[in-house]
Amino acid sequence: MLDTQFEKYADVEIISRINEGEIKLFEILIRRYDPFLYKIGRSYRYNHEDTQDLMQDAYINAYCNLKKFENRSSFKTWLTRIMLNACYQKSHKSSFKNEIRDDNFQNEKADVLFEQSYNNEKIAMNKELGRVIENAVHKIPEDYRIVFTLRELNGLNVAETAEALDISEGNVKVRLNRAKGMLQKEIKKMYSPGEIFEFNLIYCDTMVNRVMVKIYELIKSENEN
C-alpha cells in the first residue's frame, strides 16, 4: 500500500504524476473510488463477481485513456461515465433485463429518505437489514435506480449526476424524488446511506492487485512491441 501522504493529493495532481510516469500512484485512484464504482455495478443488479469484473474493466479503460482526460469535468464524473458505459454494454450484450416498469407511479415528491443521525441499535441491525434495503433498491426501475445510486449513495450533486447520465438537472430531481417514493413503499424506517451495499476493504486490496497487475502487463507488452 502506498504511503498515506498521497491521500491528500487532488485527483488532478495524481493524474498528472501518473502521466509523467509514476504509474504506482494509480492505486490511489482505485482505492479512492472502489466503493463508489461498486455501488454503481450493484445498482445494475450485477452480482459481486460481475461487478468486480466491470470495475476492473473501467479502471483499465480509465488508465489507458488517462492522457485524454482534460479536466473539463471531475475525474469522479469521468470515471462514473466509464463505469456506467461498461454496465450498459454488458447488460445489452447479455440481454440483461433489469427494469420493472410502473407507469402508474405519480409521486414526484418524497420526504428525505435517510436520516444522518441514528442510534447504535440501528447500526447493530445493519447486517440483516442491509439486505432488505439492497433488495428494495433493486426493485426500482433502472432509470430511477441509477439516479438514486449516484445522488444518495455516491454523493454526486445534481449537476454531476446530470452530466454523467446526459440528462437534464430537472430530470435528475424528478427521478430522485420518484426513486425515494418507490423505496418508501418498501422501507418504513430510515437508514444511513453507508448501510447500503457495504464494501469491505479486503475487496479493495484485491481490486488494486488485479488492476495494477493488468496495467504492468500492458506496459510490458507495449515496451516489447
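Being a predicted model, the structure only gives us computed values, none of them experimental.

About the criteria used
Residues numbered from 1 in each chain as written. Predicted model: local features only at pLDDT ≥ 70, side-chain atom pairs only at ≥ 80, totals over all residues. Heavy atoms only, no water. Helix = DSSP H or I, 4+ residues; strand = E, 2+ residues; numbered from the N terminus. Buried < 20%, exposed > 50% of the residue type's maximum accessible area, 1.4 Å probe, protein only. Contact = heavy atoms within 4.5 Å. Areas by Shrake-Rupley, 256 points an atom, 1.4 Å probe, with all protein chains shown as cover. Core = buried A, V, L, I, M, F, W, Y, C linked by side-chain atoms within 4.5 Å. Domains from an automatic or database assignment. Arc of directions from axis to C-beta.

A. Quick peek at the overall build of the chain. Per the secondary structure count, the chain includes ten helices and zero strands. The order of helices and strands in the chain, counted from the N terminus, is α-α-α-α-α-α-α-α-α-α. Across the 225 residues of the chain, 45% fall into the buried class. Across the chain, every contact between residues at least 6 apart in sequence was considered, and the portion connecting residues at least 24 apart equals 78%. Accessible surface for the chain amounts to roughly 12,600 Å². Of this, 45% is attributable to carbon and sulfur atoms.

B. Quick peek at the nonpolar core. Core analysis: the largest hydrophobic core is formed by 43 residues, its most contacted members being Phe-26, Leu-37, Ile-40, Tyr-59 and Phe-75. Of all the secondary-structure elements, those providing two or more residues to this core are helix H1 (11-19), helix H2 (26-43), helix H3 (48-64), helix H4 (75-93), helix H7 (142-153) and helix H10 (201-224). By residue number, the principal contributor to this core is H2, which donates nine residues. Two domains each provide a minimum of three residues to this core, namely domain 1 (11-99 + 197-224) and domain 2 (112-189). Dropping the residues within four chain positions of it, Ile-40 is found in contact with Thr-80, Met-83, Leu-84, Cys-87, Thr-149, Leu-150 and Asn-154. Ile-140, Phe-148, Val-172 and Leu-183 belong to the second largest nonpolar core, which has 15 residues in total.

C. Broad picture of unusual backbone geometry. A positive phi angle is found at Arg-45, which is not glycine, with a value near 75°. Along the chain, the position of Arg-45 falls in the loop between H2 and H3. Relative accessible area serves as the criterion here: at 24%, Arg-45 is assigned to the partly exposed category. Positive phi, close to 60°, is recorded for Asn-71, a residue that is not glycine. Its place among the elements puts Asn-71 in the loop between H3 and H4. Exposure remark for Asn-71: the relative accessible area of 45% places this residue in the partly exposed category.

D. Expanded view of H1. Regarding H1, the residues found buried are Asp-11, Ile-14, Ile-15 and Ile-18. Viewed end-on, H1 has its buried residues packed into an arc of 100°, placing them on one side of the element. As for H1, its buried residues are in contact with H2, H3 and H4.

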